[in-house]
Amino acid sequence: MRKRMIAGNWKMNKTFSEAVELASGLAKELADGTGDVDVVVAPPAVDLKGVAEVIEQEQAAFALSAQNVYWEESGAYTGETAPNMLEAIGATHCIIGHSERRDYFHETDEEINKKAKALMAHGIVPISCCGESLEIREAGKHVEFVVDQIKKDTEGLEITDPSKYVIAYEPIWAIGTGKTATADDAQEVCGAIRAALVEIFGQEIADGIRVLYGGSAKPDNIAGFLEKEDVDGALVGGASLKADSFADMVRSAMA
Ligand code: PEP
């Protein structure tokens, strides 16, 4: 049985003090626990330490994620962050391959694959994003495109504990646009991802890997996605920037 996950991607929002305030607000909202739902927040890199301290001091019911990582251990890579640095600061998860990074920073599947391997070597759970553009969807090639991303992103990964690798299906045309995919659209692709995972890792591992939906998920539409067989939670952008709306989404997943 896969445990649901609700992950908040704060993107490039929140100064240090704002991030601490949001994390404290969320800790209070979720003070009664999150049942059998894993909750994760991904603040900007400079805010990670502040949010880690809130989690520790308030015994908060959520885990800490970075939004990006570099695959080398150390060295002359100005501006980058190594996996051991994330580990040292208390990050247990890291988003990789977000479409904004693929698009604006030209990240490739090969790089995303190296990032996953580097994170897993440090026991950090990758939340590996995939998803198609509107053009690809309109051409009817979305399933084929996403399955190809999955094959490249997981190439050579050794997964023994499937709870330690997470996929987020995020159709690019639905991110930050207010346009959501329907729950059936999400299931079509998440189901195809699961079938690809069976081919790659075998049934048992594939059955344990969580596949999240992301793209304008909000308190009023999340329940429909979660009803679908292969949708195990959500990666949330905009609606994760307010403690009450994000907590509402967590509560929907607990129901
Ligand atoms: C995201 O960027 O991961 C995302 C899902 O954003 P939004 O919820 O704002 O569409």
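These remarks concern the structure in this document.

So, how was this worked out
- All residue numbers here refer to positions counted from 1 along the written sequence of the relevant chain.
- In keeping with the predicted nature of the model, local features appear solely for residues at pLDDT of at least 70, side-chain atom pairs appear and are counted solely at 80 or more, and the whole-chain, interface and lining totals rest on all residues.
- With hydrogens and water set aside, each side-chain value is computed from the structure's full complement of heavy atoms.
- Salt bridges are identified by distance alone: a Lys or Arg side-chain nitrogen within 4 Å of an Asp or Glu carboxyl oxygen.
- Helix and strand assignments follow DSSP, with helices taken as H or I runs no shorter than four residues and strands as E runs no shorter than two, numbered in order from the N terminus.
- Summary of the burial criterion: residues with accessible area below 20% of their type's maximum are buried, those above 50% are exposed, and those between are partly exposed, where the area comes from a 1.4 Å probe applied to protein chains only.
- By definition, two strands form a pair when at least two bridges between them are found by DSSP.
- With the strands aimed away from the viewer, a crossover counts as right-handed if its path from the first strand over the helix to the second runs clockwise.
- Think of each axis as a best-fit line through the C-alpha atoms, taken over the contacting stretch in the case of a helix, with angles from 0 to 180 degrees between the N-to-C directions.
- Any two residues having at least one pair of non-hydrogen atoms within 4.5 Å are treated as being in contact.
- Consider each residue's heavy atoms; a residue with any of them within 4 Å of a molecule or strand counts as near.
- Between N or O atoms, a polar contact is any pair within 3.5 Å; within protein, one atom must be a potential hydrogen donor and the other a potential acceptor, and residues adjacent in sequence are included only when both atoms are from side chains.
- Surface exposure here means Shrake-Rupley accessible area, sampled with a 1.4 Å probe, where a residue is shielded only by the protein chains that are shown.
- Residues were grouped as follows: Ala, Val, Leu, Ile, Met, Phe, Trp, Tyr, Cys and Pro as nonpolar; Asp, Glu, Lys and Arg as charged; and all remaining residues, including Gly, as polar.
- Buried residues of nine kinds, namely Ala, Val, Leu, Ile, Met, Phe, Trp, Tyr and Cys, make up a nonpolar core once their side-chain atoms join them within 4.5 Å.
- Geometric relationships in this document are graded by angle, where less than 35 degrees denotes roughly parallel, more than 145 denotes roughly antiparallel, 65 to 115 denotes roughly perpendicular, and other angles denote oblique.
- Should the near helix be turned counterclockwise from the far one by less than a right angle, the crossing is left-handed, whereas a clockwise turn marks it as right-handed.

## Details of the pattern of salt bridges
- Summed over all chains, the structure comprises 18 salt bridges.
- Here Arg102 ties to Asp153 by a salt bridge, and the two come within 3.0 Å at their closest N and O atoms. Remark: Asp153 occurs in helix H7 (residues 142-153) and Arg102 occurs in helix H4 (residues 99-104); sequence separation between them is 51 residues. Asp153 matches Arg102 in its accessibility class, with the two residues each being buried.
- Measuring nitrogen to oxygen at the nearest pair gives 2.9 Å for the salt bridge that ties Arg194 to Asp230. Pair noted here: Arg194 is in helix H8 (residues 183-201) and Asp230 is in the loop between helix H10 (222-226) and strand E8 (233-236), with a separation of 36 residues, a long-range link. One exposure class covers both Arg194 and Asp230, and it is buried.

## Observations concerning the pairing of strand E3 (residues 63-66)
- Here E3 shows no split at all, with Ala63 and Ser65 on one side and Leu64 and Ala66 on the other all buried.
- Bridging between strand E2 (residues 37-42) and E3 involves 2 bridges; their strand directions are parallel. Looking at E3, one finds that Val40 is bridged to Ala63.
- You can see the chain leave E2, run along helix H2 (residues 48-57) and come back into E3, and the turn it takes is right-handed.
- Summarising the sheet, E3 and strand E4 (residues 93-96) pair through 2 bridges and their orientation is parallel.

## Considering the sheet that holds strand E7 (residues 210-214)
- On the basis of which strands lie adjacent, the closed barrel formed by 8 strands has the order E1-E2-E3-E4-E5-E6-E7-E8 and parallel pairing. Adjacent strand axes in the sheet meet at a mean angle of 25°, parallel and antiparallel pairs treated alike.
- Examined bridge by bridge, E7 and E8 share 2 bridges and lie parallel to one another. Of the residues in E8, the one forming a bridge with Tyr213 is Ala234.
- Strands in contact with helix H5 (residues 109-121) are E4 and strand E5 (125-130); relative to E4, the strand with the most contacts, it is inclined by about 175°.
- In the packing of helix H11 (residues 243-254) onto the sheet, the strands contacted are strand E1 (4-9), E2 and E8, and the crossing angle to E1 comes to about 170°.

## A short note on the side chain of Ser99
- Along the chain, Ser99 turns up in helix H4.
- If we skip the residues at most four places from it in the chain, Ser99 touches Ile172 and Ile175.

## Looking at the site of the ligand
- The local shell around the ligand holds 14 residues, among which Lys11, His98, Glu170, Gly176 and Ser216 are the closest.
- Here an oxygen atom of the ligand and a side-chain polar atom of Glu170 are 2.7 Å apart.
- Here an oxygen atom of the ligand and a backbone polar atom of Ser216 are 2.7 Å apart.
- Protein contact buries 95% of the 290 Å² of open area that the ligand shows by itself.
- In terms of residue class, the shell around the ligand is built from 4 nonpolar, 8 polar and 2 charged.

## Observations regarding the nonpolar core
- Counting residues in each nonpolar core, the largest one holds 66 residues, and the members touching the most others are Phe62 and Ile193.
- Sort the elements by how many residues they give to this core and H8 lands first, with 7 residues.
- Sequence-distant contacts of Ile193, that is, excluding residues within four places in its chain, are made with Cys130, Val146, Ile150, Ile167, Tyr169 and Val211.
- One finds Val40, Ala42, Val125 and Ile127 within the second-largest nonpolar core, a separate group that totals 13 residues.

## Here's the deal with the packing of helix H1 (residues 16-29) against H11
- As a packed pair, H1 and H11 sit with axes 9 Å apart at the nearest point and diverge in direction by 40°. Considered as vectors, H1 and H11 are oriented oblique to each other. Where H1 crosses over H11, the two elements pack in a sense that is right-handed. For the pair H1 and H11, the contacting residues are Leu22, Gly25, Leu26 and Glu29 in the first and Ala243, Asp244, Phe246, Ala247 and Arg251 in the second.
- For the contact of H1 with H11, the residue count by class is 5 nonpolar, 1 polar and 3 charged.

## Quick look at the side chain of Ser128
- Structurally, the position occupied by Ser128 is in strand E5.
- Those residues in contact with Ser128, other than ones at most four positions away along the chain, are Ile96, Ile112, Asp153, Tyr165, Val166, Ile167 and Ala168.

No statement about biological role is implied by the geometric values presented.
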